[in-house]
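# Examination of the molecular architecture
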Amino acid sequence: MEEEPCPQRIPFDSGVAFSLGVVLGSTWNAIKGFREHPTQRWYGVKKLVRRNAPRLGGNFAAWGTLFSISECSLVGIRGKDDWMNRVASGAFTSGALAIRGGKGAMLRGGIVGGVLLGLIEGVSYCMSRYMSPDPAMMMTEEQKQQQYEAEVRRRAAQVAANEDSNVQFNTPNISSEAEEDVNFSDHGVEMTTDQPEPANNKPSRGGLFARRSSW
């Protein structure tokens, strides 16, 4: 059931809490009056229900009203409506209703209220997860086919993107390899700019007689 917005939630929760208190109080007091008056059972039932059921309903209404006010205040302060607001509101409400018992009673009431609201929120969350229908079961055949085609396109695009990234990663850099080859070929070689002197390979003329004349 969708929850009422916060301003209208206060009277709604108060009415629900009062009705719940009256029903529970009437049931409990009817059983009690039926057992305590064996000779006049109908009289005992009417007596206890008329005396105690409205009082229990009023207590429930007070609890629900204070709980709704504190919850709406936390929603306005925090700006969001979640389980933390309800747990804190339960602790505050239980502690505030026990104010006549002193600080110890307020502390105990706050702890009990917070723990109870936490358990209620946990159980309701688990039940909602367990009872919620599977979205795939609510889909028509056409919607299932569209979802399948969209998933196939998504996977194909992902595979293509992975292949493109692998190609870009494995593409050789020709200029860098050529530069590395030049650098490796130059390692250990003494580079100089001096031109080597040409060798004088001209044959000497005159032979032995020429050498003798030079003596």
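The preceding data block contains the structure.
Residues numbered from 1 in each chain as written. Predicted model: local features only at pLDDT ≥ 70, side-chain atom pairs only at ≥ 80, totals over all residues. Heavy atoms only, no water.

## Quick word on the packing of aromatic side chains
Quick reminder of the rule: Think of it this way: a Phe, Tyr or Trp ring, Trp meaning its six-membered ring, pairs with another when their centres are within 6.5 Å, and the plane angle makes it stacked under 30 degrees, edge-to-face over 60, tilted otherwise. Segments assigned H or I by DSSP are reported as helices when at least four residues long, segments assigned E as strands when at least two residues long, and all are numbered from the N terminus. Each residue is placed in one exposure class: buried if its accessible area under a 1.4 Å probe, protein chains only, is under 20% of its type's maximum, exposed if it is over 50%, and partly exposed if it falls in between. Here, a charge over a ring means that NZ of Lys or CZ of Arg falls within 6 Å of the ring centre while also lying within 35 degrees of the ring normal.
Taken as a whole, this structure holds 1 aromatic pair when the rule is applied. Centre to centre, the rings of Trp63 and Phe67 are 5.2 Å apart; their planes meet at 10°, and the pair counts as stacked. Pair noted here: Trp63 and Phe67 are both in helix H2 (residues 41–78), with a separation of 4 residues, about one helical turn. Here Phe67 falls in the buried class, since its relative accessible area comes to 11%. Above the ring of Phe34, the side-chain terminus of Arg41 is found at 4.4 Å from the ring centroid.

## Brief notes about helix H3 (residues 83–97)
How we decide: By definition here, a helix of n residues has an expected span of 1.5 Å times n minus one. Between two residues, a contact is recorded if the distance between any of their heavy atoms is within 4.5 Å.
For H3, with 15 residues, the first-to-last C-alpha span of 21 Å sits near the 21 Å given by 1.5 Å per residue. If you check which residues of H3 are buried, you get Asn85, Arg86, Val87, Ser89, Gly90, Thr93, Ser94 and Gly95. On its buried side, H3 packs onto H2 and helix H4 (103–131).

## A closer look at the pattern of salt bridges
The condition is simple: Every case where a carboxyl oxygen of Asp or Glu lies within 4 Å of a side-chain nitrogen of Lys or Arg is listed as a salt bridge.
Summed over all chains, the structure comprises 8 salt bridges. Three or more residues are tied together by salt bridges with common partners; here these are Arg9, Glu71, Asp81, Arg86 and Glu121.

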